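Per-entry structural report
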Amino acid sequence: MSKLDIGSYMEHPLVQAYLRDLDIALSSVRAREAGEIRESIREHLLSEFTAPPASENNSVGAVVTETLRKLGTVDSIVSELREGELQEPNPSASENQWRASAVLAVSALGVVLLPFAAGVSAVLSTVALVLAAKYVSTRARTPLIIVNSVVLLAVLAYLVIALITGDTLFGTVQGAG
């Protein structure tokens, strides 16, 4: 087949409709993955259209129809992709436990430092919030976010009281001892 023949296959209305439907179906998929799938489908079509036909009597329409039939429907391609996304491995339970423990340790350090270094405590709690939101499994994330939000509120309350009184809360306790 000549390049002109390949162009006539790729410009066939059925191929154009298939690629248009594929673009629409992939609009809900991450851009990188959608681009890879589009490229893979186009490469497959080109390789099929450049392969010598089984019989010289095959018309462009017959070759296009058979190629698209072998490729499968757009819906089947997208549903396979979605099933694959659902089966992507999640971090192991021990890895999630380790991450949650690390975030909890940062949170605990923030709580311990609250009376002595409210600013450091605020930074640690903020770091713990970000780590919990990004790296911890959904099940463990909610309690960690609540704990760190409470610590940040305590830091805020501590700083407001310190500004109002002009002293640290524990300054009188340290001075009395």
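Anyway, here's the lowdown on the structure attached to this text. In this text, all values refer to a predicted model and were calculated from it rather than measured experimentally.

Things to note about the overall build of the protein
- Regarding its fold elements, the protein presents nine helices and zero strands.
- Along the protein, helices (α) and strands (β) appear in the sequence α-α-α-α-α-α-α-α-α when read from the amino end.
- Taking all 177 residues of the protein together, 27% fall into the buried category.
- Here the analysis covers contacts within the protein between residues at least 6 apart in sequence; of these, 64% occur between residues at least 24 apart.
- Accessible surface, the protein: about 11500 Å² in total, of which carbon and sulfur atoms supply 63%.

Comments concerning the packing of aromatic side chains
- Counted by the stated rule, this structure contains one aromatic pair.
- With 4.9 Å between their ring centres and 20° between their planes, Y9 and F49 make a pair best called stacked. With a gap of 40 residues between them, Y9 in helix 1 (residues 3-10) and F49 in helix 3 (residues 31-50) connect regions that are remote in the sequence. With respect to class, Y9 is no different from F49; both count as buried.

Some points on the side chain of H12
- Tracing the chain through its elements places H12 in the loop between helix 1 and helix 2 (13-25).
- When its relative accessible area of 18% is taken as the criterion, H12 is described as buried.
- A distance of 3.1 Å separates a polar atom in the side chain of H12 from the backbone nitrogen of L14.
- Excluding its chain neighbours within four sequence positions, the residues that come into contact with H12 are V60, G61 and V64.

Concerning the nonpolar core
- M10, V15, Y18, L26, I41, L45 and F49 are the most contacted members of the largest nonpolar core, which has 23 residues in total.
- For this core, the elements supplying multiple residues, two or more each, are helix 1, helix 2, helix 3, helix 4 (60-71) and helix 5 (74-86).
- In this structure M10 touches V15, Q16, L19, L45, L46 and F49, once residues within four positions along its chain are discounted.

A few points about the pattern of salt bridges
- Here the structure, examined in full by the defined rule, presents three salt bridges.
- Ionic pairing is found between E66 and R69, a salt bridge with its closest N-O pair at 2.5 Å. Of the two residues, E66 and R69 are both situated in helix 4; the distance of three residues between them amounts to about one turn of the helix.
- Take E66: its relative accessible area is 35%, and that puts it in the partly exposed class.

Describing the environment of L153
- In this fold, L153 is placed in helix 8 (residues 138-165).
- Spatially, the C-alpha atom of L153 lies 9.1 Å from that of A122, the residues being 31 residues apart in sequence.

Details of a nonpolar patch on the surface
- Taken together, L153, L156, V160 and I164 make up a surface patch of nonpolar side chains, about 420 Å² in accessible area.
- With respect to the helices and strands, L156 occurs in helix 8.

Basis of the calculations
Residues numbered from 1 in each chain as written. Predicted model: local features only at pLDDT ≥ 70, side-chain atom pairs only at ≥ 80, totals over all residues. Heavy atoms only, no water. Helix = DSSP H or I, 4+ residues; strand = E, 2+ residues; numbered from the N terminus. Buried < 20%, exposed > 50% of the residue type's maximum accessible area, 1.4 Å probe, protein only. Contact = heavy atoms within 4.5 Å. Areas by Shrake-Rupley, 256 points an atom, 1.4 Å probe, with all protein chains shown as cover. Phe/Tyr/Trp six-rings, centres within 6.5 Å; stacked < 30°, edge-to-face > 60°. Polar contact = N/O pair within 3.5 Å; in protein donor to acceptor, adjacent residues only side chain to side chain. Core = buried A, V, L, I, M, F, W, Y, C linked by side-chain atoms within 4.5 Å. Salt bridge = Lys/Arg side-chain N within 4 Å of Asp/Glu carboxyl O. Patch = residues over 30% accessible without salt bridge, like charges linked within 9 Å, V, L, I, M, F, W, Y side chains within 5 Å.

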